[in-house]
Amino acid sequence: MSTPSSTLSARPHSRALHQRPSSSLSQRPPSSASYARPVSSASLRPQSRVSRPSSRISRPATRQSTRLAPLCQKLITQVAELTLENDEEDFRIALDFVSRNLEHATATKGGPSSDMATMDKRFDGFLEKFRIQSNDTLAEALEISYRKVKDSAKDLTNLDGDIKLAHLPDHLQLLALLSTAPAESTLKHADAYVEAIKNPLEPPPSLTWKDILAEEPFEGQHWEGVYGLPQGSTVEGWENTSDGSTPSLSPWDDDSDNLDDDDSFPYTEDVPSSPSPVERVSSYGQPNLSLSYQHRRVVEELQARQYWREEWRTDADLSQPFNLGDASTLGPSLSRALGERTTLLIDGPEREKYINEHDAVREVLMCLQGCRNLMITSNSRYPSLMRPSPSAPRLVHLTLASQTSILSSFAQLATTMSHIRKFTSAVFSNVFSTSNPPLSSTHFLSHNMRSQTIEAFADAVHSQIQKFDRWCADKEEQICCAHAGLGNQLVVSLLRLEKDVRDTFSVIFDLLLATLRELMGYVMQSDNTFDEEVWLLASMSSRMPPAAVTAHLLDACLHSAEEQSLLGDKITAEAFIEVFVRSAQPVWAMVGRWVSDGMPVRDTWEASDNQTLDEEFFVEDHELPLMDPDFWADGYVLRTLSDFEVPAGDAKAFSVPVFLERIADRILETGKAVGLLRVLGIPFLNDADGDIYWPSLATLIGQHKRDASDSEGLAHLISDKIVPYYTSSGSQLTQVLTEDCDLSRHIAAIEGLYLMTRGDVIGHFADVLFAKMNSQQHWQDFHFLNSAFRDVVDANNATKYIETSLVRLSYRGSKTTVIAQTVKALDGLLVEYAVPFPLAYIFTPRVFSIYGSIFAFLLQIRRAKNVLERILVRGEIGSERHMKHELKVFYAMRGKLSWFINTLLNFLTTHVLYSQLAIFHENFKGAKSLDEMIKIHNDHLDTIQRGCLLHPETSALHRAVLSALDMCLHFSNIFVSFSGDNTHDTSRLSIVMRRHRSRRQRRLRRDVIGFSTTEIISDDESDDDDDNNETAGDAPEPSFSLAASVTSYEGDLPDHLDKLSSELDGVVRFVRRGSEAWAGSMSKAAPAFGALAFALEDWDS
């Protein structure tokens, strides 16, 4: 509608004045009024700087100077009260000074940039200073105003606003720099400010439609200044000053006859010629009566549509009796019938309010959008619980029960939406909050629920709410357009609205609320969370770690999507897939950084620069140093749930989402491999190719929608994305270990040292060690062990496959254990081999411990064999008849022991060591990553450990074998006790001792009875022996000497030998039965045990 010319008509004219160039007439001297009023932003235009001639100190305009120019002009006007109009020269000088200083400060980064923490300290200093000066009221006023500024800072989210949140510290610093010492007026203003805060005035009541309509008919001064009348004039005043030439405004004043009698202006005969009344009437203007009536009709039409007013009544006739053909008579008739029964306390239709159904649908739509309405209200006891309003207006074609039933369905949906809206609002409030919520003191391992995944989930849920709100707004728009006669005809009803909601959104929001309640139950570890306020989840603390909560939330979303997809509900399934994708994006981004940048390496000397992993990432940092041998295995691992964190009935031990569970190990290995390559100074292959591109999860799934239709397809899709990183990093790292770190050479040295695959060196060292034992000397000495090993290696290590500088031997066992009594004394012999970095990740202390136990076990068997081979009878002792029977018993017992020892040693060397080593080397060549190398080597070592009976599961067989080895030492002691020290050393001492060539020595060596290697005698030596055969019998023979015997077995020697034989028989049978049992198992060492069982079957033959 148009209005007469008023002050608004001058606005375009004023803008035009600003745009045209100023003339000499427009430049009038400034008045006092021009100094008093503030200059508008339109007058401070940057074009004025450009239009003036450039001075010698002017610089070319930059982007920074152009942006600062309006701010500088405004600052000069407010501080120095200078403008272009009142003092142009001083204004330009001040502007140039301010611009030059600000630009210089910005360019040198010496500007007043600060942060909120610095400003907090500065204002705390102001408060303390004012309190010291006894200005407590000023300090209190400053504290209140500063707190209000910080509280309102979270609303500074508009990117186009004058003050942005990021620049708030700079604004506060500028105010602090411009501040001066408090004056008397400042103290008075502080007193008034504090008083106004503590005792605020009650605001005047606002004018409402109810107050306006209560004064009908339109009387009084409500219409002052409208209809084009000047300010202060009213319609009544216009009638009083009218000359009667225009029609009277009778609709506003029924007493129109009194207009002629109004004497507000003196009536004279020359009134028509008098200019004053004419000028006064013409200055007011004459109102358009048709326009006035049109306004009245518009107001009445609007009031006729305001169904929420108490006096509003429907057009339907409520007094008609019930008619089956007229649905509008159902509700009033039933209310009338029930109202006649006073016991029911039901009002009749005369007292009830009825509205149209399309208005009720609009009210329900407003309710679903979270707005106040007439139909549905919140429960007084539970504000988040919605219910049909008791005072809701009725619909004429529905009974009270049916209307309540329909509204209850919408109230349930509104309750669900209310819970979800409060949850998203609580999460967003925590995002903008600067302080962390306090942890719960009920548990010492409490965690905050603030995480990126929960924030992303809240954002995804909020997007679904926005879709719902837009749909409701579109519905309401369609209703309004149809009611106005625009667009297509529309059938509007509550039942149709309910159907449309279910058809469009299905059960999306019900499942979202169920997911939130399930998550809250998981966090609280409680099953009864139906009545819990789910929006408290954002601020609560729990002992469940964030990674576990993240995994549970993502699993719940993916499970709901799969379940609804199987049920055929594509709407809900697609919505949950969208929520899942947006919620999983933070974790997916963490995976991208992990596989692209690698693991963060901790430098103990630069603790401040150490990077840490996010707590909700499923990879956990155990904070081990890089040089720790256990770093590769235990430094970074998949997060696990401890026993007190696993809920009842939940068997999941890892905090890994389901869609990453299959590929989690490869993700972990890839990040560790890439990080180790960076530590070694070797660039990752993908870095050199520039092919690192990590798309978002939404982009990845959008490109392969058909492949990511279910969890299996999604897992395969993600696996295909990870595999190139895994393969490239693994192959590059294995190449570095093999070529640059000499991995093959160290493996050969370890096998030759611990597994005795190169018998020349270890065999000679064992002979030296056993000779030291036989002489009953101190063989555990550290210097003897290392010097003897070094001498043996130098004399026999032609290929130099063992570096003595990397090997160290020591004895850590009990020195009270006598080697002559038990082979267990060799358990304390420790062999250490130093491998370089990063091969220490493969050969860990645990691995070397197993190698050491294998070395000690093989050395124990060699010791028992050495003891048996040293037993002999010299000279003519064996020819005496009274000794033949005893010697036969000894020979038989030694034969049994030697057979068992040789069978056992042959089994270990052939079927356990060499066969397994061949398999190991074949598998090790095909390893594609460091973790695969470690796994192959550990499996190989585990198989050898089981074959050597050193595994905890074969401990019984190992003890039985050790008892058989101790029988060899026991038998040697019995023989020494029986025959004296008639043992002979058959070891290869020639490697360290000069060989004796005497005839007597060669004759004694011929009398050796044992399983030693037959010595090849040269022809020269044979001739010498033939020459001395005649004098051999004359040589003195040694007598029996019991001085060197360990224990005397006189009188019960046969019993001891019989007992020893029976014990050996029991041991051999026990080992055979155990080997047969292991041969039927699923272990990798089963074939080797089968060979041992088959070999021991000859014991009974």
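Residues numbered from 1 in each chain as written. Predicted model: local features only at pLDDT ≥ 70, side-chain atom pairs only at ≥ 80, totals over all residues. Heavy atoms only, no water.

Some points on empty space enclosed by the protein
On inspection of all chains with the given rule, the structure shows eight cavities of 30 Å³ or more. Here the largest cavity defines a volume of roughly 100 Å³. Every residue lining the largest cavity is listed: Val361, Leu365, Lys475, Ile479, Leu490, Val491, Val492, Ser493, Arg496, Leu497 and Asp500. Broken down by secondary-structure element, the contributors of at least two residues to the lining of the largest cavity are helix H15 (357–368), helix H17 (452–483) and helix H18 (494–505). Residue classes in the lining of the largest cavity are distributed as seven nonpolar, one polar and three charged. (1 Å grid on protein atoms, 1.4 Å probe; cavity = no way out; pocket = protein on both sides within 12 Å on 5 of 7 lines; lining within 4 Å. Points joined across faces, edges and corners; volume = space filled by probe spheres on them. Helix = DSSP H or I, 4+ residues; strand = E, 2+ residues; numbered from the N terminus. Nonpolar A, V, L, I, M, F, W, Y, C, P; charged D, E, K, R; others polar.)

So, the confidence of the model for the chain
Confidence in the prediction for the chain averages 75 pLDDT; 70% of positions are at 70 or higher. H18 holds the highest mean pLDDT among the elements of the chain, 94, whereas helix H1 (residues 10–19) holds the lowest, 36. Contacts of residues 986–998 to residues separated by more than four positions or lying in other chains number 16 contacts, the stretch itself having pLDDT below 50. (pLDDT = per-residue confidence, 0-100. Contact = heavy atoms within 4.5 Å.)

Digging into the pattern of salt bridges
Here the structure, examined in full by the defined rule, presents 23 salt bridges. Between arginine 309 and glutamate 311 there is a salt bridge, with its nearest N and O atoms 2.2 Å apart. What makes arginine 309 buried here is its relative accessible area of 16%. (Salt bridge = Lys/Arg side-chain N within 4 Å of Asp/Glu carboxyl O. Buried < 20%, exposed > 50% of the residue type's maximum accessible area, 1.4 Å probe, protein only.)

Quick look at helix H28 (residues 743–754)
If you check H28, its first and last C-alpha atoms are 16 Å apart, about what 12 residues at 1.5 Å a residue would give, namely 16 Å. Burial of H28 is extensive: nine of the 12 residues sit out of reach of the surface. Turning to H28, its buried residues number three or more, namely Leu743, His746, Ile747, Ala749, Ile750, Glu751, Gly752, Leu753 and Tyr754. Following H28 by one or two positions, methionine 756 adopts a phi angle in the positive range, close to 60 degrees. (Expected span 1.5 Å × (residues − 1).)

A word on the nonpolar core
Of all hydrophobic cores here, the largest spans 214 residues; its most connected members are Phe618, Leu660 and Tyr833. Top element by residues in this core is helix H32 (residues 881–925). It accounts for 14 residues. Non-local contacts of tyrosine 833, meaning those with residues more than four positions away in its chain, are made with His746, Ala749, Ile750, Leu753, Tyr754, Leu806, Val807 and Phe848. (Core = buried A, V, L, I, M, F, W, Y, C linked by side-chain atoms within 4.5 Å.)

Focus on the pairing of strand S8 (residues 829–833)
Covered by surrounding structure in S8 are Leu829, Val831 and Tyr833 only, the residues Leu830 and Glu832 on the alternate face being uncovered. Here strand S7 (residues 807–811) pairs with S8 via five bridges, running antiparallel. The residue bridging serine 810 from the neighbouring strand is leucine 830, located in S8. (Pairing = 2+ DSSP bridges.)

Some words on the packing of H28 against helix H31 (residues 845–869)
Relative orientation and spacing of two packed helices are given, respectively, by the angle between their axes and the distance between those axes. With their axes 9 Å apart at the nearest point, H28 and H31 run at an angle of 35 degrees to one another. Contacts between H28 and H31 involve Ile750, Leu753 and Tyr754 on the former and, on the latter, Phe848, Tyr851, Gly852, Ile854, Phe855 and Leu858. For the contact of H28 with H31, a count of residues per class yields eight nonpolar, one polar and no charged. (Axes fitted to C-alpha atoms, helices over the stretch in contact; angles between N-to-C directions.)

Here we look at the packing of aromatic side chains
Scanning the model with the defined rule gives 29 aromatic pairs in all. On the basis of an interplanar angle of 70 degrees and a centroid distance of 5.3 Å, the ring pair of phenylalanine 468 and phenylalanine 509 is categorised as edge-to-face. Of the two residues, phenylalanine 468 sits in helix H17 while phenylalanine 509 sits in helix H19 (residues 508–524), which places them 41 residues apart along the sequence. Here phenylalanine 468 matches phenylalanine 509 in class, with each residue buried. Consider the rings of phenylalanine 580 and phenylalanine 659, whose centres lie 5.2 Å apart with planes at 90 degrees: the pair is edge-to-face. With a gap of 79 residues between them, phenylalanine 580 in helix H21 (residues 570–597) and phenylalanine 659 in helix H23 (residues 658–661) connect regions that are remote in the sequence. A single burial state applies to phenylalanine 580 and to phenylalanine 659, both of which are buried. Joined through ring pairs, the aromatic side chains of Trp594, Phe617, Phe618, Phe631, Trp632, Tyr636, Phe837 and Tyr841 make up one cluster. One Lys or Arg, lysine 772, reaches over the ring of phenylalanine 784 and ends 4.8 Å from the middle of that ring. (Phe/Tyr/Trp six-rings, centres within 6.5 Å; stacked < 30°, edge-to-face > 60°. Lys NZ or Arg CZ within 6 Å of the ring centre and 35° of its normal.)

Observations concerning unusual backbone geometry
In this structure, proline 838 follows phenylalanine 837 across a cis peptide bond, with omega equal to 5 degrees. Summarising the element assignment, proline 838 is placed in the loop between S8 and H31. One non-glycine residue with positive phi stands out, namely aspartate 742, at about 55 degrees. By secondary structure assignment, the location of aspartate 742 is in the loop between helix H27 (711–740) and H28. Given a relative accessible area of 35%, aspartate 742 falls into the partly exposed group. Positive phi values are uncommon outside glycine, yet methionine 756 reaches one of about 60 degrees. For methionine 756, the location among the structural elements is in the loop between H28 and helix H29 (759–774). Assessed through its relative accessible area of 7%, methionine 756 is described here as buried.

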